[in-house]
Amino acid sequence: MSDRYTTGMKTRRAVLGDAHVDRAEAAKTSLDEPFQTLITEAAWGTVWSSDAISLRERSMLTLALLAATGNFDEIPMHIRATANTGATEQDVIEAFQHVAIYAGVPKANHALKLAKQTFAEMSDT
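Predicted, not measured: the structure shown is a model, and the values here were computed from it.

### Details of the pattern of salt bridges
- In the structure shown here, the tally under the stated rule is 5 salt bridges.
- With a closest N to O distance of 3.1 Å, Arg 13 and Asp 18 form a salt bridge.
- Exposure remark for Asp 18: the relative accessible area of 45% places this residue in the partly exposed category.
- With a shortest N-O distance of 2.9 Å, Arg 56 and Asp 91 are connected by a salt bridge. Here the residue Arg 56 occupies a position in helix α4 (residues 55-68), and Asp 91 occupies one in helix α6 (residues 89-102), the gap between them amounting to 35 residues.

Encoded structure:
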């Protein structure tokens, strides 16, 4: 594997946690292996591994972008990742308020619903 892949996997594990990455790796098949390599190198090995902004800021940006573009399936995973990135519940609220103003109240409302549910699940464990 490339250095960028190795860096990406390290960052991915730091942000998402070993359990999540281990499950994803165990589920990987020849069909999605090229895609998994792409996101590990590009998203995790390049974007998330950059030291230009903090993991906290990157987490807030990611959540806002996911909500703004309606990619709601990824929001719970990235809410859980806040435990590792340092983004607080207040940070998430602020990010989704930006979504409400710049991308639409329904998207922010749905994202907040998912955040509330995921934070509640996190506090139960």
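### Remarks on a nonpolar patch on the surface
- On the surface, a nonpolar cluster with roughly 260 Å² of combined accessible area is contributed by Ile 53, Leu 61 and Leu 65.
- Summarising the element assignment, Leu 65 is placed in helix α4.

### Digging into the environment of Phe 96
- Relative to the assigned elements, Phe 96 resides in helix α6.
- The sequence separation of Phe 96 and Leu 65 amounts to 31 residues, and the corresponding C-alpha distance is 9.3 Å.

### Describing the nonpolar core
- In terms of nonpolar packing, the biggest core is built from 18 residues, with Ile 75, Ile 79, Val 92 and Phe 96 touching the most fellow members.
- For this core, the secondary structure elements donating two or more residues are α4, α5 (75-85), α6 and α7 (105-124).
- Discounting residues that sit within four places of it in the chain, Phe 96 has contacts with Leu 63, Ala 64, Ala 67, Ile 75, Ala 108, Ala 111, Leu 112 and Ala 115.
- Core analysis: the next-biggest nonpolar cluster, separate from the first, contains 9 residues, Val 15, Val 21, Met 77 and Ala 81 among them.

Procedures and definitions
Residues numbered from 1 in each chain as written. Predicted model: local features only at pLDDT ≥ 70, side-chain atom pairs only at ≥ 80, totals over all residues. Heavy atoms only, no water. Salt bridge = Lys/Arg side-chain N within 4 Å of Asp/Glu carboxyl O. Buried < 20%, exposed > 50% of the residue type's maximum accessible area, 1.4 Å probe, protein only. Helix = DSSP H or I, 4+ residues; strand = E, 2+ residues; numbered from the N terminus. Patch = residues over 30% accessible without salt bridge, like charges linked within 9 Å, V, L, I, M, F, W, Y side chains within 5 Å. Areas by Shrake-Rupley, 256 points an atom, 1.4 Å probe, with all protein chains shown as cover. Core = buried A, V, L, I, M, F, W, Y, C linked by side-chain atoms within 4.5 Å. Contact = heavy atoms within 4.5 Å.

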